[in-house]
Structures are given as structure tokens and as C-alpha cells.
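So the chains spell out like this:
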Amino acid sequence: MQGYRLFGDHYEPIAPDENGRLLCRELDLSLSLENGDLVMHDVASGARLLSEAEAERAAAEAEIQRLRKKLDEHGLS
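Residues numbered from 1 in each chain as written. Predicted model: local features only at pLDDT ≥ 70, side-chain atom pairs only at ≥ 80, totals over all residues. Heavy atoms only, no water.

Structural notes on helix α1 (residues 52–73)
An α-helical turn contains 3.6 residues, so a residue and the one three or four places further along point in the same direction.
Stage number 1. End to end, α1 covers 32 Å across 22 residues, agreeing with the expected 32 Å (1.5 Å per residue, within 8%).
Stage number 2. A positive backbone phi angle near 65° is found at Gly 75, which sits one or two residues after α1. (Helix = DSSP H or I, 4+ residues; strand = E, 2+ residues; numbered from the N terminus. Expected span 1.5 Å × (residues − 1).)

What about the environment of Tyr 11?
Stage number 1. Looking at the secondary structure, you find Tyr 11 in strand β2 (residues 10–13).
Stage number 2. Each C-alpha atom, one on Tyr 11 and one on Glu 73, is 60 Å from the other, the two residues being 62 residues apart in sequence.
Stage number 3. With near-sequence residues (within four places) excluded, Tyr 11 lies in contact with Tyr 4, Arg 5 and Leu 6. (Contact = heavy atoms within 4.5 Å.)

Notes on unusual backbone geometry
Stage number 1. Phi at Asp 28 is positive, roughly 55°, even though this residue is not glycine.
Stage number 2. Inspection of the secondary structure assignment puts Asp 28 in the loop between β3 (22–24) and β4 (29–34).
Stage number 3. You can call Asp 28 partly exposed: its relative accessible area is 35%.
Stage number 4. At Asn 35, a position not held by glycine, the phi torsion is positive, near 55°. (Buried < 20%, exposed > 50% of the residue type's maximum accessible area, 1.4 Å probe, protein only.)

The following block contains the structure:
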């Protein structure tokens with residue numbers, strides 16, 4: 001993975017940090033590859049951002065839990 005940053009009228013390569021991540025100052029994110037997938041971390045918190053598929057799966061799991069709780073409340077589980 002390679003990144004570039006605009007300096008004046010030309011681009012220069014972004015050097016990876018000690019963990020091999022590239023820092024995107026504009027977005028305050030660090031970018032890396034894990035098992036061939038792009039992974040982003042919030043620089044301030046260190047939290048890993050979810051991919052679209054991961055976020056959809058988490059939302060679906062939360063909805064399943066909400067529905068199970070509702071069924072339990074009505075004695076239908």
C-alpha cells in the first residue's frame with residue numbers, strides 16, 4: 001500500500017509509521033492492510049472504523065437482539 005501527500009505542486013510518498021500504517025492528516029485516520037483489506041483507525045481514539053459490511057452486520061445483530069427482547073417481554077420466545 002502506498003499513499004501520497006500533495007506538497008505545493010507535486011506529490012510525495014507518505015512514509016509508513018512503525019506499524020506500517022499510513023497517516024491521513026486531513027481525515028485524522030491511519031490506514032493499513034489486514035489480510036488484504038483496507039482498515040482505518042481513528043488517530044485520536046485508536047478505534048478501528050467498521051467497513052460497510054461490518055457496520056451492516058452489527059446493525060442486523062442489534063436488530064435481532066432488540067426483536068428477541070421484545071419477544072421475551074411478550075412471553076413469545
